[in-house]
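The lines below spell out each chain.
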Amino acid sequence: MKVSVRDLVEFVLKKGDLQPGSIGAARTQDGIKAHQFIQKQSGTDYLPEITLSYLYIPKEKQRLREFNEEICLEVKGRADGIIKKESGDCVDEIKTTTLDLDLIDESLSDLHWAQAQCYAFMYAVREGLEMMEVQLTYYQLDTAETRKFNKWFYIEELSEFFFNLGERYLAWACKLQEWSDIRNQSIQEMQFPFSTYRIGQRNLAVAVYQTIKHRQKLFAQAPTGIGKTMGTLFPALKAMAEGLTGQIFYLTAKTITRTVAEKALSGLQAGGLRIKRLTLTAKRKVCFMPEAACLPEECPFAKGYYDRLRGAVEEMFDEGAWTRQVLEDYAHKYSICPFEFSLEMAMWADVIIGDYNYVFDPRVYLKRFFFDGGEYTFLVDEAHNLVDRAREMFSAELEKEAWLKLKRLTKDDNLKLTKSLMRVNAALSKEKKHCLDSNSKGETVEKELPIKLIQVLSHFVKDVEHFLKTKDQAYLWQDQLLDLYFQALSFIRTSESYDSRYVTYRQSKTDFKIKLFCLDPSVRLKEALERGRSAVLFSATLSPMDYFINVLGGEETSYKLSLASPFPAENLHLLIHTSISTKFKQRTLTYDLIAEAIAAATQSKKGNYLVFFPSYEYLSEVCHRFEAQNPSVAIVQQTSGMIEEEREDFLANFIEHPEKTLIGFVLMGGIFGEGIDLMGDRLSGAIVVGVGLPQIGMEREIISAYYQASNHLGFEFAYMYPGLNKVLQAVGRVIRTDKDRGVVLLIDERFAQSKYKRLFPVEWKDIHYVTSTSVIRQSIEGFWTEADCPNLEDDD
């Protein structure tokens with residue numbers, strides 16, 4: 001069994017309270033530079049980055065017979081430095097921090113000393129030394145000052161300390177090894193859960209397995225009905241049993257796709273598969289005390305968290321499905337934070353199901369996994385959603401009003417913080433003035449970092465950390481302070497990655513905001529994907545493929561797979577209305593025309609239909625007219641900000657065998673535009689109004705200008721491709737099984753243009769171009785008649 005020095009020390013020795021993440025933590029790039037700076041400045045007697053290892057074999061093997069009598073523990077790590085001194089060799093452990101050095105003493109962290117002692121033991125054994133000096137070097141990132149603490153240890157002390165860690169970890173290691181054997185045996189015996197593969201599903205499964213085997217990336221367009229979830233999970237599990245991957249991350253953008261993955265794994269487990277699967281849920285959803293700050297003095301689930309964590313981990317490990325409910329039950333039992341507990345359990349899970357941000361978002365990704373990379377496989381579901389999500393993940397913004405409000409709240413409680421907030425507010429005021437002076441519309445785009453703002457934010461971060469380290473009471477404004485602290489950190493860290501793919505965007509309309517805007521996320525996505533062994537990015541709509549490979553971090557060597565729909569093409573009756581323009585300036589002229597077209601498309605068959613619109617305003621205007629013209633038709637309408645229960649209620653209206661026609665008016669690209677399964681006659685058709693172009697705005701225009709300069713495809717990358725993807729997703733709601741039949745009406749003259757037609761799926765073979773409601777009605781009536789009487793000619 002292998003374990004890193006860091007993981008060994010943290011598993012056995014970590015105790016105390018749970019602190020808010022990142023408080024006082026080093027910024028990644030600065031931390032690396034600080035290590036390199038110290039190592040270079042320390043002269044020729046300083047040997048940097050020394051790799052060390054030790055094979056720990058327990059003396060009492062017989063006692064461990066119940067696990068595996070041959071088991072031993074390989075402990076590996078890299079010492080920051082070995083200093084060659086006249087008095088003897090010294091291990092140097094470097095820690096970077098943003099805390100003031102006067103707040104640091106040698107008792108700051110037992111874990112730091114423990115890591116250094118492990119390196120000292122391994123080095124002393126390798127070199128045959130009787131004594132070793134251990135040095136902790138704390139480097140202050142803002143001042144470049146250091147503070148050092150030194151201790152001497154005899155080899156006997158180091159041996160006793162190290163062997164004690166090994167002994168205490170070994171029982172857990174044996175349990176992990178035993179579990180690994182059980183898991184792999186069950187995977188090897190696992191059969192594909194269905195009698196046959198669906199059309200295209202086997203091709204997908206083979207491609208996924210080969211991708212993992214060859215440490216590659218795969219971009220796969222797999223239309224609805226192929227069985228993407230099982231087609232990716234099944235081969236990934238088979239690869240795991242063969243030692244080709246350590247853990248599988250199934251990453252999604254929406255709750256419903258997470259549920260599908262859970263259901264697939266649950267079915268395999270019911271058939272005999274033995275795995276530990278974990279579902280990660282957003283912190284805001286699982287927090288036991290949402291009204292309290294995430295500080296040990298306010299939250300009892302943070303106070304003493306690490307003192308109780310180990311017992312919870314070891315007991316819950318025996319469960320097979322680490323669902324939200326199971327996690328919350330054990331978190332309650334042991335009085336620990338459920339969200340942090342779920343992140344801890346992720347270390348030991350075989351399959352982790354969660355949002356994209358756990359791998360990609362630099363603010364919250366699982367650093368405990370990805371600091372040095374690992375043997376991970378990333379299965380990225382509905383990968384078309386990752387483009388805009390990635391832009392937001394890699395961007396950072398600040399709004400001025402929040403800083404002004406907090407400054408007013410703190411003025412009677414903490415003068416130092418108030419002054420720090422005043423400096424940030426003043427810097428934001430200067431940025432606002434620059435924006436207004438440069439552009440009468442209150443918007444500017446520049447390719448330079450706001451250096452002075454970043455400097456005052458760095459001072460603010462330092463002041464907050466000092467406050468949190470020294471405060472002796474809680475304040476009502478602490479939550480707001482922590483929010484701005486993490487916003488400042490995000491802004492600073494985003495600035496570290498700022499390059500030609502970023503711009504600084506200022507906007508002063510209501511509240512002033514400044515944004516470090518990531519236009520092209522490809523490089524940072526590529527870096528994130530390389531934290532693992534392999535990645536499979538798949539979706540029913542990953543077209544055009546070259547566009548998605550470009551923006552999602554792919555390379556020329558990446559694997560590509562485009563599968564055809566497994567459903568009979570004749571089951572979908574597709575019409576395109578080419579005499580209506582839904583361009584923004586012409587929409588007011590089309591409200592009645594759209595309402596009439598909807599009526600024509602839905603009159604021939606009693607059923608359930610969805611109508612997709614590019615905006616709520618357009619939706620509302622047409623819905624109002626349609627309702628007035630068709631009082632006998634039932635109508636449900638999507639509203640902004642619907643919560644999960646409201647979404648479920650909305651979909652519950654779409655029943656089988658409806659007694660009257662129901663039409664749902666929804667937003668294209670919204671919560672009902674993808675990821676919903678209304679099978680059979682729960683959905684008889686869809687009408688898509690417009691080509692789905694994102695709303696024109698400054699940010700979209702900036703993206704367009706960037707890609708126009710880089711590849712002459714500005715409009716396509718910023719508007720056309722994302723828009724058509726929303727259209728394809730909406731159309732995909734209609735045919736969900738090989739028995740489904742349905743109609744789709746696309747309304748916009750642009751759909752007849754060659755630049756759009758060349759992007760249509762290959763299964764759109766028989767398209768009916770129409771220009772009037774009478775032709776729509778006649779064409780759809782013929783389709784349903786044929787569906788109801790398929791053998792009419794033979795009977796005659």
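A quick note: this is a predicted structure, and the numbers were derived from the prediction, not measured.

Draft legend 1. View of the pattern of salt bridges. In total, this model carries 43 salt bridges according to the counting rule given. One salt bridge connects Arg 78 with Glu 49, and the closest N-O pair in it is separated by 2.8 Å. Pair noted here: Arg 78 is in strand 3 (residues 73–85) and Glu 49 is in strand 2 (residues 46–56), with a separation of 29 residues, a long-range link. Residue Glu 49 is classed as partly exposed on the basis of its relative accessible area, which comes to 33%. A salt bridge links Glu 297 to Lys 471; the shortest N-O distance between them is 1.8 Å. On the criterion of sequence distance, the pair formed by Glu 297 in the loop between helix 8 (283–286) and helix 9 (305–316) and Lys 471 in the loop between helix 17 (451–470) and helix 18 (478–496) is long-range, its members being 174 residues apart. The exposure class assigned to Lys 471 is buried, which follows from its relative accessible area of 17%. The network of salt bridges with shared partners includes Glu 392, Glu 397, Lys 513, Lys 515 and Glu 699.

Draft legend 2. View of a negative patch on the surface. Taken together, Glu 130, Glu 156, Glu 157 and Glu 160 make up a surface patch of like negative charges. Here Glu 130 is to be found in the loop between helix 3 (110–127) and strand 5 (131–140).

Draft legend 3. Representation of empty space enclosed by the protein. One pass over the full model with this rule turns up two cavities of 30 Å³ or more. Each pocket or cavity is described by its volume, and for the largest cavity that value is around 50 Å³. Lining of the largest cavity is provided by Thr 279, Leu 280, Thr 281, Val 286, Arg 324, Leu 327, Glu 328, Pro 338, Phe 339 and Ser 342. Broken down by secondary-structure element, the contributors of at least two residues to the lining of the largest cavity are helix 10 (324–334) and helix 11 (338–346). Residue composition of the lining of the largest cavity, by class: five nonpolar, three polar and two charged. Considered as a void within the structure, the second largest cavity measures approximately 30 Å³ in volume. Phe 360, Pro 362, Phe 394, Arg 524, Glu 527, Ala 528 and Arg 531 are the residues that line the second largest cavity. Ranked by residues supplied to the lining of the second largest cavity, first place goes to helix 19 (residues 522–529) with three residues. Split into classes, the residues belonging to the lining of the second largest cavity amount to four nonpolar, no polar and three charged.

Draft legend 4. Examining the sheet that holds strand 7 (residues 217–221) more closely. Spatially, eight strands are ordered 10-9-11-8-12-17-7-18 in an open sheet, and the strand pairing comes out parallel. Of all the strands in the sheet, just strand 10 (321–322) and strand 18 (559–562) have a single pairing partner and so form its edges. Relative to strand 12 (residues 376–380), strand 8 (residues 247–252) is paired through five bridges, and the arrangement is parallel. Its bridge partner lying in strand 12, Gln 247 is registered against Tyr 376.

Draft legend 5. Region of the structure containing the packing of helix 9 against helix 10. Here helix 9 crosses helix 10 at 140°, and the two axes come no closer than 10 Å. By the angle between their axes, helix 9 is oblique relative to helix 10. As helix 9 runs across helix 10, the sense of the crossing is right-handed. Along its contact with helix 9, which presents Arg 308, Gly 311, Ala 312, Glu 315 and Met 316, the element helix 10 presents Val 326, Leu 327, Tyr 330, Lys 333 and Tyr 334. Grouping the constituent residues of the contact of helix 9 with helix 10 by class yields six nonpolar, one polar and three charged.

Draft legend 6. Representation of the packing of aromatic side chains within the structure. Overall, the coordinates contain 45 aromatic pairs when judged by the stated rule. Summarising the aromatic geometry, the rings of Tyr 54 and Phe 121 are spaced 5.0 Å apart at their centres and angled 65° between planes, so their arrangement reads as edge-to-face. Linking Tyr 54 in strand 2 with Phe 121 in helix 3, this pair joins segments that are 67 residues apart in sequence. Across the ring face of Trp 113, the terminal group of Lys 151 is positioned such that the distance to the ring centre comes to 4.4 Å. Cation over ring: Lys 605 sits above Trp 784, and NZ or CZ is 5.0 Å from the ring centre.

Draft legend 7. Region of the structure containing the nonpolar core. Ranked by size, the top nonpolar core spans 193 residues in total, and within it Tyr 169, Phe 341, Trp 348, Phe 360, Trp 403, Leu 552 and Leu 746 carry the most contacts. In this structure Leu 552 touches Phe 219, Ala 383, Leu 386, Val 387, Leu 525, Leu 529 and Leu 537, once residues within four positions along its chain are discounted. Phe 192, Tyr 250, Leu 268 and Ile 353 belong to the second largest nonpolar core, which has 36 residues in total.

Draft legend 8. Representation of the environment of Leu 47 within the structure. Inspection of the secondary structure puts Leu 47 in strand 2. Taking the relative accessible area as the measure of exposure, Leu 47 reaches 34% and is therefore partly exposed. Note: C-alpha distance between Leu 47 and Val 91 (44 residues apart in sequence) is 9.7 Å.

Draft legend 9. Representation of the sheet that holds strand 15 (residues 502–508). Strand order in the open sheet formed by four strands is 13-16-15-14, with antiparallel pairing between adjacent strands. The open sheet terminates on both sides in strands that have one partner only, identified here as strand 13 (396–399) and strand 14 (443–446). Mean inter-strand twist for the sheet, computed between neighbouring axes without regard to direction, equals 10°. Sheet topology places strand 13 next to strand 16 (residues 512–518); four bridges connect them, and they run antiparallel. Bridge pairing links Glu 399 to Lys 513 in strand 16.

Draft legend 10. Main features of the confidence of the model for the protein. Averaged over all residues, the pLDDT of the protein equals 91, while 95% of them reach at least 70. Confidence scores differ between elements of the protein, with helix 28 (residues 792–795) showing the lowest mean pLDDT of 41 and strand 20 (residues 608–613) the highest of 98. Across residues 62–68, confidence stays below pLDDT 50; counting only partners more than four residues off in sequence or on other chains, it has seven contacts. For the stretch residues 792–796, pLDDT sits under 50, and the model shows zero contacts to residues farther than four places along the chain or on other chains.

The rules behind the values
Residues numbered from 1 in each chain as written. Predicted model: local features only at pLDDT ≥ 70, side-chain atom pairs only at ≥ 80, totals over all residues. Heavy atoms only, no water. Salt bridge = Lys/Arg side-chain N within 4 Å of Asp/Glu carboxyl O. Helix = DSSP H or I, 4+ residues; strand = E, 2+ residues; numbered from the N terminus. Buried < 20%, exposed > 50% of the residue type's maximum accessible area, 1.4 Å probe, protein only. Patch = residues over 30% accessible without salt bridge, like charges linked within 9 Å, V, L, I, M, F, W, Y side chains within 5 Å. Areas by Shrake-Rupley, 256 points an atom, 1.4 Å probe, with all protein chains shown as cover. Lys, Arg positive; Asp, Glu negative; His and termini not counted. Charge placed at Lys NZ, Arg CZ, Asp CG, Glu CD. 1 Å grid on protein atoms, 1.4 Å probe; cavity = no way out; pocket = protein on both sides within 12 Å on 5 of 7 lines; lining within 4 Å. Points joined across faces, edges and corners; volume = space filled by probe spheres on them. Nonpolar A, V, L, I, M, F, W, Y, C, P; charged D, E, K, R; others polar. Pairing = 2+ DSSP bridges. Axes fitted to C-alpha atoms, helices over the stretch in contact; angles between N-to-C directions. Parallel < 35°, antiparallel > 145°, perpendicular 65-115°, else oblique. Left-handed = near helix turned anticlockwise from the far one by under 90°. Contact = heavy atoms within 4.5 Å. Phe/Tyr/Trp six-rings, centres within 6.5 Å; stacked < 30°, edge-to-face > 60°. Lys NZ or Arg CZ within 6 Å of the ring centre and 35° of its normal. Core = buried A, V, L, I, M, F, W, Y, C linked by side-chain atoms within 4.5 Å. pLDDT = per-residue confidence, 0-100.

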